[in-house]
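Observations on the model geometry
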Amino acid sequence: MIGVGDMVLLEPLTEDSFIENLRNRFDHNEIYTYIGSVVISMNPYRSLPIFTPEKVEEYRNRNFYELSPHIYALADEAYRSLRDQDKDQCILITGESGAGKTEASKLVMSYVAAVCGKGQEVNKVKEQLLQSNPVLEAFGNAKTVRNDNSSRFGKYMDIEFDFKGDPVGGVISNYLLEKSRVVKQPRGERNFHIFYQLLSGASDDTLRKLKLDRDFSKYNYLSLDSANVNGLDDAANFRTVRNAMQIVGFMEDEVQSVLELVAAVLKLGNIEFKPESRSNGYDESRVKDKNDLKEMCELLGIEQSVLERAFSYRTVEAKLEKVSTTLNVSQAQSKTRHKVMGVLDIYGFEIFEDNSFEQFIINYCNEKLQQIFIELTLREEQEEYIREDIEWTNIEYFNNAVICDLIENNQNGILAMLDEECLRPGTVTDITFLDKLNTVCAEHQHFESRLSKNSKFLTDHSLPHSCFRIQHYAGKVLYRVEGFMDKNNDLLYRDLSQAMYKANHKLIKQLFPEGNPAKVNLKRPPTAGFQFKHSVGTLMRNLQTKNPNYIRCVKPNDKKAPRIFTDSLVRHQVAYLGLMENVRVRRAGYAYRQAYEPCLERYKMLCKQTWPHWKGPTREGVEVLMADLQVSTEEFAYGNSKIFIRNPRTLFSLEEKRRGCLENLAALIQKIYRGWKCRTHFLLLKRSQVVVAAWYRRYAQQKKYTQIKSATIMVQSYSRGWKARKILRELKHQKRCEEAATTIAAYWHGTQVRREYRKFFRANAGRKIYSFIMQRLMQKYFLGLKRDLPSMSPIGGSWPTRPYRFLDTAHTELRSIFHHWRCKKYRSRFTDERKAVFEEKLQASEIFKDKKALYPSSVGQPFRGDYLEISKNPKYQKLSSAMDEKVLLADMVNKINRANGKGTARIFLLTKNNFVLADQKTGQVKASVPLPDLASISVSTQNDGFFALKLKEGSAGATKGDFLLSSEHLIEIITKLRRTGATAVNHNHLDIDISDEFLVQFKQDKVCVKFVQGAPKNGNGASCKRKNNRLLEVSVPSTA
């Protein structure tokens, strides 16, 4: 271990040795040091490999002093005390700005999240607790001259656990957000991170919706000299914040509302006012450029006139009277019971060149934390001695209660006088407040001003007239009273609250509930100082109910650079944090204490009576151990459950003896282990030799047996082979004899047959040979044809090739016979309905093929007939019931008007004896014509749907004239008309006239219908236009 890990054991104990020990450990990257159970944390200003998951596992469930000092050890001790002993814990992280308090709180939370239970809900809660940090830092942290990620608010998080030690939720309390930073930042500092993150990381579409620009210089609230910070990626951080907000539980519309509010604040900073004089001599203010005001109102959903009036006027209400007064320019621009582990990350002590109300409140909070640290440390020490019946010697230390009383006393404290001045009628200013302080606090030893008795103003010219100085525990701080009154009042005019409440923006309404006209409260709101004092008091009471754990953060240098240790700066922090007093308190009575059981377990090897096992009570074992070691009775004391060692040298002596004893024990263990290892090796070799010998004997016998067996099999095989060959020779001889006899008989029978038939063979040999060859060729042809028959599809054109020329006629005839046969097979599978469809298609082909340009597109479309489903459609129920016959075709057509050539939608119905035209909307029958009255049908050759139904002269329907119609299903309509008409007129076919020019009889006049190619006026279909009284021209689009 580098240096001394626990300052209680440091020898000799001086301030120089204390600082030197911190320096030595810091130089070797040991940033954590103990003072008993208190952790001192040095900010390394760089990443170190000591926060890995392996380190988490290393410190998990380990004794606090078992490993080298680490923040994980404190977090583990607090968590195990909470989980196992049911003690609420709090971890107090203190130190000045830039000392690493926020990072320390993150490490504590990440460790607790890593070691607690698992599960979907538990992991969700852990992730929400961890992801709350980026959100809080974005809206509450900013770059200062001392820290690039300085918390500008105090944060106290209570993490709630169930009985198993799993997190179930958390409560975050914040204290004194530095609101003044929004409108003004000191030189070298930035506004809150969220403004820069939004402009750098948001998408162009998001910025356009928020009416923002990426250029920082366009916004008065953003300082330009420190807009970009080395090591901070605002764009990446914005994406992290968006993701964290979703994990924490923000809905997408809520995130958008927050961003709109941030954008509105930026727009608010660009609003400027100009003075105007009224007729009564008073000044009033007016908005100079209303563009930013307009955009702000659009973001928040507020009427521009309402917000502009709220900026320029305020209403003073007294009893039942209201008076509206104008604001001048300066006024307009200024304004279940769970286990709990608390983590306090609050702003550190601040001393700037210009310290105002915020620094005063921050330093007051740090005074209270220092006070509770001293009280809890001494009280815990004293209670432990009383609990263990150990004599206690009181230690002198600086008690900062007098400083806290100077600030918070209800009668004559600084906060009380500030509130009194704010509430006092008449003219009150910051100077009158300072005068009152000089009157009341002039004799206080920790208060100084130019008029106080402690100021020595005759020689101390560094103290300005408008300032006062307080001697804090961390040093003297000079406060400028300018702005104390306004910042303490922290008033928001009721006109602004009411204007905000009128907004349509949901989040704005929630932020300004006091603007609700139904809940107007005339009572003056509490001041900022009173609220903060009350919050600090609540926090102190909360901390006193929990078991405290301390992390004292120390900043090694002011340059925010690694590997630099400024002796004077660290010495100053050690002094005002009271770390030396803390060490002395720990060492005043007894520097080291430990429970009997772990003490006996650690040192029992130093005594033969206690080694290796002590059978009696642990306290008696420790007493036997200490007596055997001959430790002076003045150096230790026995408590009820612990042994207390006064001097660190005694502990070092015990550790030295233990180290020597451990070396001897290690040598003994090594000796026994080596002997055991050698014996084990020998026995293993002996067993191995026996096993090897047994296996070898077995192998030798197996090999000998295998050789004998192989020799026996060889002899047997030769013997069997000789016998088999002998039998084979006999069988072959017998077979040859039989074959010879058969051959001789065959030759003899052949000779007899040839002699008998020789006289017939020579006369008919050619004819017989030809007949035989032809039969074989025909058999081969038919078998090949059977094997290679084509498919049964009637449109299949394939047929096997002809193998011989003399089969040409037969080959052609067989192909024709096969084609007719498969067509018959194909037709036999048709139903009556399908036959009718094909007959209609065939008839359509006979009528229109190569005559009508529209025909090819209709070939692949089936003829449906009833396109309107007239029997099923309730819209045409009346029309369907009016039909006495079955409807063969129902379609929508356009009836062409002679007067203008425009079409009127009609329902076309075809039955067995009539065709009917009915109104599309009402279903009323307009015309019903018997099919025998139909003389002919005229169509064009073009790609159009126009056709004329010409009636016979003298028929009943001829008085109204012919019908000129257009339809998308022209081919089907005319085909069905012709088939049905032929049936109706005793098989006399209707005449179909296909021509690009034909006459149509309209009542008494005949009109020529002419079809021409050209571009249609409406859409891509054909259009009809009247040229004169005797001519209708149909323009058909070109098919090319």
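Criteria and thresholds
- Residues numbered from 1 in each chain as written.
- Predicted model: local features only at pLDDT ≥ 70, side-chain atom pairs only at ≥ 80, totals over all residues.
- Heavy atoms only, no water.
- Axes fitted to C-alpha atoms, helices over the stretch in contact; angles between N-to-C directions.
- Helix = DSSP H or I, 4+ residues; strand = E, 2+ residues; numbered from the N terminus.
- Left-handed = near helix turned anticlockwise from the far one by under 90°.
- Contact = heavy atoms within 4.5 Å.
- Core = buried A, V, L, I, M, F, W, Y, C linked by side-chain atoms within 4.5 Å.
- Buried < 20%, exposed > 50% of the residue type's maximum accessible area, 1.4 Å probe, protein only.
- Pairing = 2+ DSSP bridges.
- Polar contact = N/O pair within 3.5 Å; in protein donor to acceptor, adjacent residues only side chain to side chain.
- Phe/Tyr/Trp six-rings, centres within 6.5 Å; stacked < 30°, edge-to-face > 60°.
- Lys NZ or Arg CZ within 6 Å of the ring centre and 35° of its normal.
- Parallel < 35°, antiparallel > 145°, perpendicular 65-115°, else oblique.
- Salt bridge = Lys/Arg side-chain N within 4 Å of Asp/Glu carboxyl O.
- UniProt positions renumbered as here; feature names shortened; annotations may be inferred.

- Looking at an unreviewed UniProt entry, the protein carries the name Myosin IB, with the source organism given as Gadus morhua.

Digging into the packing of helix 1 (residues 15-27) against helix 21 (residues 567-576)
- For the pair helix 1 and helix 21, the least separation of the axes is 11 Å and the interaxial angle reads 115°. Here the hand of the crossing between helix 1 and helix 21 comes out right-handed. Note on element contacts: helix 21 touches helix 1 through D567, V570, R571 and V574, opposite E15, D16, F18, I19, L22 and R23.

Looking at the nonpolar core
- F18, I35, F360, F468, L543 and I551 are the most contacted members of the largest nonpolar core, which has 106 residues in total.
- Top contributing element to this core by residue count: helix 13 (residues 357-387), with eleven residues.
- Leaving out residues up to four positions away in the same chain, F468 has contacts with F360, I414, L434, L437, F447, E448, S449, V477, L478, Y479, V481 and F484.
- Membership of the second largest hydrophobic core comes to 50 residues, among which are Y219, V255, L293 and A499.

Examining the sheet that holds strand 12 (residues 339-345)
- One open sheet accounts for seven strands, arranged 1-2-16-3-12-6-7; its pairing is mixed. Either end of the sheet is taken by a strand with one partner, and the two such strands are strand 1 (32-35) and strand 7 (167-175). With strand direction ignored, the average angle separating the axes of adjacent strands in the sheet is 20°.
- The sheet contact formed by strand 3 (residues 89-94) and strand 16 (residues 547-554) spans six bridges and is parallel. By the bridge assignment, Q89 is partnered in strand 16 with N547.
- In the packing of helix 1 onto the sheet, the strands contacted are strand 1 and strand 2 (38-42), and the crossing angle to strand 1 comes to about 150°.
- Along the sheet, helix 20 (residues 528-544) makes contact with strand 3, strand 6 (154-161), strand 7 and strand 12, crossing strand 6 at roughly 35°.

Some details on the side chain of S967
- With respect to the helices and strands, S967 occurs in the loop between strand 26 (963-966) and helix 30 (970-984).
- Take S967: its relative accessible area is 8%, and that puts it in the buried class.
- Of the polar contacts made by the side chain of S967, one reaches the backbone nitrogen of H969; its length is 3.0 Å.
- When residues no more than four places from it in sequence are discounted, the contact partners of S967 are D891, M892, V893, G945, F947 and I973.

Examining the packing of aromatic side chains
- A complete count under the given rule lists 25 aromatic pairs for this structure.
- Considering the side-chain rings of F360 and F484, the 5.8 Å spacing of their centres and the 55° angle between planes classify their relative orientation as tilted. Separated by 124 residues along the polypeptide, F360 in helix 13 and F484 in helix 17 (residues 484-489) bring together distant segments of the chain.
- Looking at F360, the relative accessible area reads 0%, which means it is buried.
- A residue is classified by how much of its surface remains accessible, and F484, at 0% relative accessible area, is buried.
- Geometrically, the ring pair formed by Y673 and W676 is tilted, given 5.8 Å between the ring centres and 35° between the ring planes. Here the residue Y673 and the residue W676 both occupy positions in helix 25 (residues 648-787), the gap between them amounting to three residues, near one helical turn.
- Residue classification places W676 among the partly exposed positions, given a relative accessible area of 46%.
- Of note, R190 hangs over the ring of Y196, and the distance from its end group to the ring centre comes to 4.0 Å.

Some points on the packing of helix 23 (residues 596-603) against helix 24 (residues 618-629)
- The geometry of helix 23 relative to helix 24 is characterised by a closest axis approach of 9 Å and an angle of 45° between their N-to-C directions. It follows from the interaxial angle that helix 23 and helix 24 lie oblique. Relative to helix 24, the crossing made by helix 23 is left-handed. Together, Y596, E597, L600 and Y603 of helix 23 and T618, R619, G621, V622 and L625 of helix 24 make up the contact between the two elements.

Structural notes on the sheet that holds strand 31 (residues 1031-1036)
- If you walk across this open sheet you meet the four strands as 28-29-31-30, and the pairing is mixed. If you trace the sheet from one side to the other, it starts and ends with strand 28 (997-1002) and strand 30 (1023-1028), each paired once. On average, each strand axis in the sheet is tilted by 30° relative to the strand beside it, whichever way the strands run.
- Of the strand pairs in this sheet, strand 28 and strand 29 (residues 1005-1013) are connected by six bridges, and their pairing is antiparallel. The residue bridging E997 from the neighbouring strand is K1010, located in strand 29.

Some thoughts on the pattern of salt bridges
- Applying the stated criterion across every chain, the model contains 43 salt bridges.
- Note that E358 and K487 form a salt bridge whose closest N and O atoms lie 3.2 Å from each other. On the criterion of sequence distance, the pair formed by E358 in helix 13 and K487 in helix 17 is long-range, its members being 129 residues apart.
- One salt bridge connects K1027 with E1033, and the closest N-O pair in it is separated by 3.7 Å.
- Here E1033 falls in the partly exposed class, since its relative accessible area comes to 23%.

Points about the UniProt feature "binding site: ATP" (unreviewed entry) in the protein
- The sites that carry the UniProt feature "binding site: ATP" (unreviewed entry) are, in the present numbering, G95, E96, S97, G98, A99, G100, K101 and T102.
- In this fold, G95 is placed in the loop between strand 3 and helix 4 (101-115).
- By the element assignment, G100 lies in the loop between strand 3 and helix 4.
- When near neighbours in sequence (up to four residues on either side) are disregarded, G100 contacts N43 and C553.

Overview of the environment of C365
- Structurally, the position occupied by C365 is in helix 13.
- Accessibility expressed as a relative area gives 0% for C365, which makes it buried.
- Beyond its immediate stretch of four places on either side in the chain, C365 contacts I346, Y347, F532 and V536.

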